Amino acid sequence: KIIMLDEEGPVSFFDKVNLKERYSEKIKHQVEYFLFNGKNDIKKINKNLLLNKKYLIMGNPKYDIIKENCQKIHFKQINLIKKKYKNFLFITGHFGMTQLQPSYVKQSLKATGNYTISNLRDKMKSIENWKKNYFSLIDLTKKIADQNKELTVIFRKHPTENHNQIKALFGKIPNNLKLIYKHSVTPWLFSCRYHLHSGCQTSLESAVLKKKIITYMPSHSDSSFSNYKNFSPFFHSEKKCLSFFKNMNYKNNN
């Protein structure tokens, strides 16, 4: 029997086209049990998909593991990171540049049997919002580092992103800004004092680890962004987000 739990869930964070790709009729006939993170997943999923199918709401095992055993599992990396960077702002990029290309999206839709002009148009519209947030986050990251010289800022690219592309996008960067992709993301989240993102689901891991999460999404018209508004502070204004960091006491804030 095949049991399915989407690793990139909760699926309530997905846009409609993404859901069609990941939960297609083809998948329905192959999977015996569907596992979901919470009630909002059930509300958003296609009810026909669950017809005559067994499903359970059980959260996600990785969050249970992180909550109980993070420091034990990643202690070597955590010690190295804390020793080298101490109190730092950790920023995560939420996707790779290849995912912005229409050819990539078209290929993905075709592979899952969901290619239509309408789906392609909807998907590209959603991607435009993600693209705006992504580039805005890069601009914001440089400005935070420029305006807060005493703060170490670490930007971690998305796993599918090319490091040279990231370097080119950032251009000249201040000395306190580091572009680092080393270890898994979890020890970084555990070690950081603040986590800034622009629609990255690693923010859920940060929430489990009880980190200070700052969400910056200047473009959030897509319905898939609505869940991120639950994170506070939530900014769509660059000016207000920069002011937030400028007024923060990095040395004494625990």
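In this text the structure is predicted, and so the values were computed from the model without any measurement. (Residues numbered from 1 in each chain as written. Predicted model: local features only at pLDDT ≥ 70, side-chain atom pairs only at ≥ 80, totals over all residues. Heavy atoms only, no water.)

Asks: How would you explain the packing of helix H8 (residues 117-147) against helix H12 (residues 238-246) if you had to name every residue and give the values?
Replies: It is the contact of H8 with H12, at a shortest axis distance of 10 Å, that shows an interaxial angle of 35°. Seen along the crossing, H8 lies across H12 with a hand that is right-handed. In this structure, H8 contributes Asp 139, Leu 140, Lys 143, Ile 144 and Gln 147 to the contact, and H12 contributes Glu 238, Cys 241, Leu 242 and Phe 245. In the contact of H8 with H12, the residues fall into five nonpolar, one polar and three charged. (Axes fitted to C-alpha atoms, helices over the stretch in contact; angles between N-to-C directions. Helix = DSSP H or I, 4+ residues; strand = E, 2+ residues; numbered from the N terminus. Left-handed = near helix turned anticlockwise from the far one by under 90°. Contact = heavy atoms within 4.5 Å. Nonpolar A, V, L, I, M, F, W, Y, C, P; charged D, E, K, R; others polar.)

Asks: Any details on the nonpolar core? Residues and values, ideally.
Replies: Formed by 48 residues in total, the largest nonpolar core has its most connected members in Phe 88, Leu 89, Phe 90, Ile 144, Val 153, Trp 188 and Leu 196. The biggest single contributor to this core is H8, with seven residues. Beyond its immediate chain neighbours, meaning those up to four positions away, Phe 90 contacts Ile 154, Arg 156, Val 185, Trp 188, Leu 189, Cys 192, Tyr 194, His 195 and Leu 196. Of all hydrophobic cores here, the second largest spans 12 residues; its members include Val 11, Leu 19, Ile 45 and Leu 50. (Core = buried A, V, L, I, M, F, W, Y, C linked by side-chain atoms within 4.5 Å. Buried < 20%, exposed > 50% of the residue type's maximum accessible area, 1.4 Å probe, protein only.)

Asks: Would you mind going over the pattern of salt bridges in detail, with residue names and values included?
Replies: Across all of its chains, the model carries seven salt bridges by this definition. For the salt bridge of Asp 15 with Lys 123, the shortest nitrogen-to-oxygen distance reads 3.7 Å. Note that Asp 15 is positioned in the loop between strand S1 (3-5) and helix H1 (16-22) and Lys 123 in helix H8, a separation of 108 residues in sequence. Residue Asp 15 shares its accessibility class with Lys 123, and that shared class is buried. The residue Lys 149 makes a salt bridge to Asp 146 at a minimum N-O spacing of 3.5 Å. Note on Asp 146: relative accessible area 42%, which makes it partly exposed. (Salt bridge = Lys/Arg side-chain N within 4 Å of Asp/Glu carboxyl O.)

Asks: Let's hear about H12: which residues, and what values?
Replies: Where H12 is concerned, the buried positions are Cys 241, Leu 242 and Phe 245. Summarising the axial view, the buried residues of H12 lie within an arc of 100°, below the 170-degree limit, and thus occupy one face. Projecting away from the buried face of H12 at angles above 90 degrees are the exposed residues Lys 239, Lys 240 and Lys 246. Buried residues in H12 make contact with strand S4 (88-92), H8, strand S7 (194-197), strand S8 (212-216) and strand S9 (234-235). (Arc of directions from axis to C-beta.)

Asks: Tell me about the sheet that holds S7, residues and numbers included.
Replies: Across the sheet, which stays open at both edges, the six strands sit in the order S6-S5-S4-S7-S8-S9 with parallel pairing between neighbours. Looking at which strands have only one partner, the edges of the open sheet turn out to be strand S6 (177-179) and S9. Taken together, the two bridges between S8 and S9 define a ladder with parallel strand orientation. In the sheet register, Thr 215 faces S9, and the bridge partner there is Phe 234. Each of strand S5 (152-156) and S6 is contacted by helix H9 (residues 163-170), which is oriented at about 155° to S6, the strand it contacts most. (Pairing = 2+ DSSP bridges.)

Asks: Give me the lowdown on unusual backbone geometry, citing residues and values where you can.
Replies: In this structure, the amide linkage connecting Gly 9 to the following residue, Pro 10, adopts the cis form with an omega of 10°. With respect to the element layout, Pro 10 can be found in the loop between S1 and H1. In this model, His 183 sits at a positive phi of 65°, which is unusual for a non-glycine residue. With respect to the element layout, His 183 can be found in the loop between S6 and helix H10 (185-191).

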